[in-house]
Amino acid sequence: MRWERVDFNREIGSSSIGKGGLLGMLGVGWQGGVRFVTNILIGNVAGAILLGLTATALSISQLIVLLWPAAAGAAASRFVGLALGRRDVGEMQKVAGYFIRRLMIFQLVAAVMSLTYWRLVERGSWLECLTVVLLTLGLAGWTTTRGILFGSGNVRRAVFTDVLTGAAGLVGLCLFMVFGIRSIVVLLPVACGYALYTILSIPRLAGSDFDQVLNKEIRRFVILGTVGTISSAGFLQLSLLAARHFAGLEGAGQYSASLTLATPLSLVAAGLSVVLYPTLARAWGGGSTHEFRRITDQATRVLCLALIGGLGVVVIVREGLVDLLWGPDFPDVVVVMPLLLAAVAIGGISSPSVSAITTRSEVGMRISAASSLSGALVGCIAWAIFGSLGVQAIAWGYVAGSLIIALVPIAVTWYRDGHAWVGLSLKVFAALLLVWGLSVLTEGTSVVVQVCGAVAFLGVWLALNRAEASLVLRGVSGRR
C-alpha cells in the first residue's frame, strides 16, 4: 500500500457524529490501550517504583505539551472544521500550515525543557534524557496533527494511523521488557510511535498569508485554550506529581495504578470529543444553531449513559479487578480508584458543554479557562493542606477541583441553550447513590456476588436510559 500525504484538495472527509464518534473512540482507545498495557506490564513486571518513575516521565512530557500543542490541536480542529463547514479548501490548507510551522518552532523549546528537567532534576542518564525528549516531541506532534486530521474530517485516516503507530510502540515496549530493560528507556518505542504518527499525518500545506483578523482570532484562542488546558488537563498531571512529592515513588506508583484503571472510562469521552468538537464547529460555521444544540444534547446524554454505567460497574467489582490486574502490592488502589473514576466521569460528561461554549465565541473560552483555573486552584490548596495524609488526600483534592472545572461549563450551556437536563441530572444522582449502596453491600464478598451487583446496577441504569441506549444503537448501525 502506498502512503500519500493528506491533500485537502482530494481528501475532505465527512462522518456522522455516531460513526465518527465510534471511530474516534477506536483511535483514542487504541492509544489509551497502549498506555494502559504499558502501565500494567511495568507495574507487574518491575513494580510500583519503576511505574512511578515512568508515570513521572509521561507527566512531565504531557505538562510540556500543554504549554502549546494541546490548545493548538483543539484550535486546529476548530478552525479547520469551520473552514470545512464553508467548503473553503484554501483556508483549510493555510490554517494547517500555520499550526505545523509553529509546531516545529515549539519542538525546539520542548526539547530543551524536557532535557533540562530530566538531566538536572531527575539526574537521569543521557539515554533516559533522550527518551524523555523524544516522548515530549512525539506527543506534541501527535496532538497537533491529529487535531488537523479530525478537523478536516479525515477520521478514518487518523484512526488507522493511531492503530498502526500504537501497535508498533507496544510491540517495541514488550521487546524492551523481555530484554530486561528496567528504566524509563522502556518508553522509547512508545515515543517513536508518536513521532511516526506525526510524520505520517502532516498534510500538504499552503502559505499562511490568510486574513489578519483570523490570525489574531487563532492566537487568542490558543492563548485562552492553553490557560484552560494547563488548568484542567495539567491538573491531572499535577495530581500525580503531588502524589510523588507527598508519598514518594511508591505512592506515585499506587496513584498511577489507580489512574490506569480510570483510563478506559476517560477514553469514551476523549474519543467522542475529538469528533464532536469539529462537528460542532462545522454546524456553527454553517449557521445551523438547531443542529448545534441537538448534537450537544445527544452527546451529553450518551456520555451520561456510558460513563455512569462504566463507573458503576468498575466501582462495584473494584476489589476483584484490582486483585486480578495488580495483585496484593497495590492496596491503596481499591480506595483511590473510585475517587478518580468519579472525577473522570464528571469531566467526561462536561466535555460536550465545554466544546459548545468554546466553539461559539471567545467569551466561552474565557469561561472555560476561568473555571479550569478555579478548579485547579482549589485542588492545589487542598493538596497543600492535606497532602501529607497520603494518596487518598491527593485523590480527594483532585475530585474537588474536577467538580468545579466540569460543573461551570455544564451550567452555562444548560442555561444558554435551554436544555431539558433536570431529569437527566436526577437520574445521574440516583445512579451514584445506587452505586455507593451496592459497593458497600458487596464489599468483602466473593467476586461472583460483586459481578451480580454490577449486572443488577447496569440493568437498572439501561432501563432508565432506554432512549439514550437506542440512540447509541442507531449510531452504530448508521440509522438516524
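Please refer to the structure placed before this passage.
Worth saying up front: this structure is predicted, and the values here are computed from it rather than measured. (Residues numbered from 1 in each chain as written. Predicted model: local features only at pLDDT ≥ 70, side-chain atom pairs only at ≥ 80, totals over all residues. Heavy atoms only, no water.)

1. Re the environment of Leu 170
Test applied: By definition, any uninterrupted DSSP run of H or I lasting at least four residues is a helix, any uninterrupted run of E lasting at least two residues is a strand, and each is numbered from the N terminus. Two residues form a contact once any of their heavy atoms are found within 4.5 Å.
Relative to the helices and strands, Leu 170 is located in helix α6 (residues 155–178). Sequence spacing of Leu 170 and Thr 38 is 132 residues, and the spatial spacing of their C-alpha atoms is 7.4 Å. Other than its neighbours up to four places away in sequence, Leu 170 contacts Val 34 and Val 37.

2. A look at the layout of surface pockets
To find leftover empty space, one rolls a probe the size of a water molecule over the atoms. This is how the line gets drawn: Detection works on a 1 Å grid of protein atoms alone, calling trapped sets that fit a 1.4 Å probe cavities and calling open sets with protein on both sides within 12 Å along at least five of seven lines pockets, with lining residues defined by an atom within 4 Å of a point. Grid points are joined across faces, edges and corners, and a volume is the space filled by probe spheres set on the points. When residues are grouped by polarity, Ala, Val, Leu, Ile, Met, Phe, Trp, Tyr, Cys and Pro land in nonpolar, Asp, Glu, Lys and Arg in charged, and all others, Gly among them, in polar.
Its boundaries defined by the atoms lining it, the largest pocket holds a volume of some 970 Å³. Lining the largest pocket are 33 residues, and of these Leu 311, Ala 342, Ala 343, Leu 403 and Leu 432 lie nearest its centre. Those elements that place two or more of their residues in the lining of the largest pocket are α9 (289–316), α11 (333–360), α13 (391–417) and α14 (422–442). Split by residue class, the lining of the largest pocket holds 27 nonpolar, four polar and two charged.

3. Quick notes on the packing of aromatic side chains
The condition that has to hold: Two rings from Phe, Tyr or Trp (for Trp, the six-membered ring) form a pair when their centres sit within 6.5 Å of each other. Planes less than 30 degrees apart are called stacked, planes more than 60 degrees apart edge-to-face, and all others tilted. Two conditions define a charge located above a ring, namely a distance within 6 Å from the ring centre to NZ of Lys or CZ of Arg, and an angle within 35 degrees of the ring normal.
Applying the stated criterion across every chain, the model contains 10 aromatic pairs. In textbook terms, an aromatic cluster arises when at least three aromatic residues are bridged by ring pairs, as seen for Trp 68, Tyr 98, Phe 99 and Phe 106. Residue placement shows Arg 78 over the ring face of Phe 79; its charged tip is 4.8 Å from the ring centre. A cation over a ring is seen here: Arg 146 above Trp 142, with NZ or CZ 4.3 Å from the ring centre.

4. Here we look at the nonpolar core
What counts here: Take the buried residues of types Ala, Val, Leu, Ile, Met, Phe, Trp, Tyr and Cys, join any two whose side-chain atoms come within 4.5 Å, and each joined set is a nonpolar core. Exposure is judged per residue with a 1.4 Å probe applied to protein chains only, and the accessible area is read against the type maximum: over 50% gives exposed, under 20% gives buried, and values in between give partly exposed.
Among the nonpolar cores identified, the biggest contains 112 residues, and Phe 99, Tyr 255 and Trp 326 are the most heavily contacted of them. Tallying contributions element by element places helix α8 (residues 212–285) first for this core, with 15 residues. Excluding residues within four positions of it along the chain, Tyr 255 makes contact with Ser 239, Leu 240, Ala 243, Val 336, Leu 340, Val 391, Ile 394, Ala 395 and Tyr 398.

5. Structural notes on the environment of Ile 223
With respect to the helices and strands, the residue Ile 223 is situated in helix α8. Sequence separation of Ile 223 and Leu 67 is 156 residues, and the distance between their C-alpha atoms is 9.3 Å.

6. Details of the packing of α14 against helix α15 (residues 447–464)
The cut-off we apply is this: To get an axis, fit a line to the C-alpha atoms, keeping to the stretch in contact for a helix; angles then go from 0 to 180 degrees between the N-to-C directions. Under this scheme an angle from 65 to 115 degrees is roughly perpendicular, one under 35 degrees roughly parallel, and one over 145 degrees roughly antiparallel; angles in between are oblique. The sense of a crossing depends on the near helix, which, turned anticlockwise from the far helix by less than a right angle, makes the crossing left-handed and, turned clockwise, makes it right-handed.
Close contact between α14 and α15 brings their axes to 10 Å; oriented N to C, the two are set at 170°. Relative to α15, the element α14 lies roughly antiparallel. Viewed along their axes, α14 and α15 form a crossing whose handedness is right-handed. For the pair α14 and α15, the contacting residues are Lys 427, Val 428, Ala 431, Leu 434, Val 435, Leu 438 and Thr 442 in the first and Val 449, Gln 450, Gly 453, Phe 457, Val 460, Trp 461 and Leu 464 in the second. Class assignment of the residues belonging to the contact of α14 with α15 gives a composition of 10 nonpolar, three polar and one charged.

7. Notes on the environment of Phe 36
Summarising the element assignment, Phe 36 is placed in helix α1 (residues 17–46). The exposure class assigned to Phe 36 is partly exposed, which follows from its relative accessible area of 22%. Considered as a pair, Phe 36 and Ala 257 are 221 residues apart in the sequence and their alpha carbons are 9.4 Å apart.

8. Re helix α5 (residues 126–151)
The condition that has to hold: Given a helix with a known number of residues, its expected span is that number minus one, times 1.5 Å.
The end-to-end C-alpha distance of α5, which contains 26 residues, comes to 38 Å, matching closely the 38 Å that a straight helix rising 1.5 Å per residue would cover. In terms of burial, α5 is a largely internal element, 21 of the 26 residues being buried.

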